[in-house]
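Observations on the three-dimensional arrangement
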Amino acid sequence: MFSRTIARHCPHDPFAKAAPLVTIEPKYVNMADVNALPASRTAETGSSDAGQFSEPIWDIIELLFFAYRDFVGDPDEVLARFGFGRAHHRVLHFVNRNPGMKVADLLELLRITKQSLGRVLRELVQQGYVVQKAGENDRRQRLLYVTPKGEALAMRLAKLQTERILAALPKAPGGHEAARRFLAAMIDPKHRQAVLDLIARADRLRRLRR
């Protein structure tokens, strides 16, 4: 079960789509592109206290924004053909990775409203991508599983994102492990171990299913 230490329920839906503020066309980033980036800038320390600085680290902030925009943009194109959005993608992803996940745990993990999750789940169930089953020990529990159709779509989207990651890793010093450590460190410390445990547990389940 996903740890109950994951963050509190948010009052808004973070998956609501907004009009893009940047209209630059997506472009494959090759080694020349990476080398052409301006030299990295470290935040100037304003005092000796940790976390104090006089200028934000603009390049990292904006690179994270654009990297995420394109990372989710690849699946967005596929999802649009099915009339789905990013919330559908996240539900498919985590249910595929964690078969038998409770609805309550998925709600806590995604930090979306019950109303938003209910709408997304209803559409995925009605269209045959997800099924809900009652718990064996507690019939009031709703456990989620992807159907073969749902697994196929989840894997198709994950492979698109894997292609982008594999294209970028050779250009990053330290490769996979360095990227993994950096991203883990970006997670709030009080939630970090729960996230790492969730990933490790899903990896074990997938190995057992092969």
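Preceding this section is the structure that the text describes.
The structure presented is a predicted model; accordingly, all values stated were derived computationally and were not measured.

Here we come to the packing of helix α2 (residues 58-81) against helix α6 (residues 148-168). Running from N to C, α2 and α6 cross one another at 150 degrees; their axes reach a closest spacing of 9 Å. The orientation of α2 relative to α6 falls into the category roughly antiparallel. Viewed along their axes, α2 and α6 form a crossing whose handedness is right-handed. Facing α2, whose interface residues are D70, F71, V72, D74, P75, V78, L79 and R81, α6 presents L153, R156, L157, L160, Q161, R164 and I165. A breakdown of the residues in the contact of α2 with α6 according to their chemical character gives 9 nonpolar, 1 polar and 5 charged.

Tracing the sequence through the fold places R97 in helix α3 (residues 86-97). Sequence separation between R97 and I199 is 102 residues, and the spatial gap between their C-alpha atoms is 8.6 Å. When near neighbours in sequence (up to four residues on either side) are disregarded, R97 contacts I199, A202, D203, L205 and R209. A distance of 3.4 Å separates a polar atom in the side chain of R97 from the backbone oxygen of I199.

Here the focus is the packing of α3 against helix α8 (residues 189-209). Where α3 contacts α8, the two axes come as close as 9 Å, and the packing angle between them is 60 degrees. Across the interface between the two elements, F94, N96 and R97 of α3 pack against L198, I199, A202, D203, L205 and R209 of α8. Of the residues that constitute the contact of α3 with α8, the class distribution is 5 nonpolar, 1 polar and 3 charged.

Attention now goes to the environment of G118. With respect to the helices and strands, G118 occurs in helix α5 (residues 114-126). Overall, G118 belongs to the partly exposed group, its relative accessible area being 28%. Along the primary structure G118 and L107 are separated by 11 residues, whereas in three dimensions their C-alpha atoms are 9.5 Å apart.

Taken together, the 3 strands give an open sheet; going across it, the order is β1-β3-β2, and neighbouring strands pair in antiparallel fashion. Each of the sheet's edge strands pairs with one partner strand only, and the pair in question is β1 (101-102) and β2 (130-134). In the packing of α3 onto the sheet, contacts are made with β1, β2 and β3 (142-146), and the angle to β3 comes to roughly 95 degrees.

The residue H88 is located in helix α3 in this model. Among the polar contacts made by the side chain of H88, one reaches the side chain of E123 at a distance of 2.5 Å.

Reading the values: rules and limits
- Residues numbered from 1 in each chain as written.
- Predicted model: local features only at pLDDT ≥ 70, side-chain atom pairs only at ≥ 80, totals over all residues.
- Heavy atoms only, no water.
- Axes fitted to C-alpha atoms, helices over the stretch in contact; angles between N-to-C directions.
- Helix = DSSP H or I, 4+ residues; strand = E, 2+ residues; numbered from the N terminus.
- Parallel < 35°, antiparallel > 145°, perpendicular 65-115°, else oblique.
- Left-handed = near helix turned anticlockwise from the far one by under 90°.
- Contact = heavy atoms within 4.5 Å.
- Nonpolar A, V, L, I, M, F, W, Y, C, P; charged D, E, K, R; others polar.
- Polar contact = N/O pair within 3.5 Å; in protein donor to acceptor, adjacent residues only side chain to side chain.
- Buried < 20%, exposed > 50% of the residue type's maximum accessible area, 1.4 Å probe, protein only.
- Pairing = 2+ DSSP bridges.

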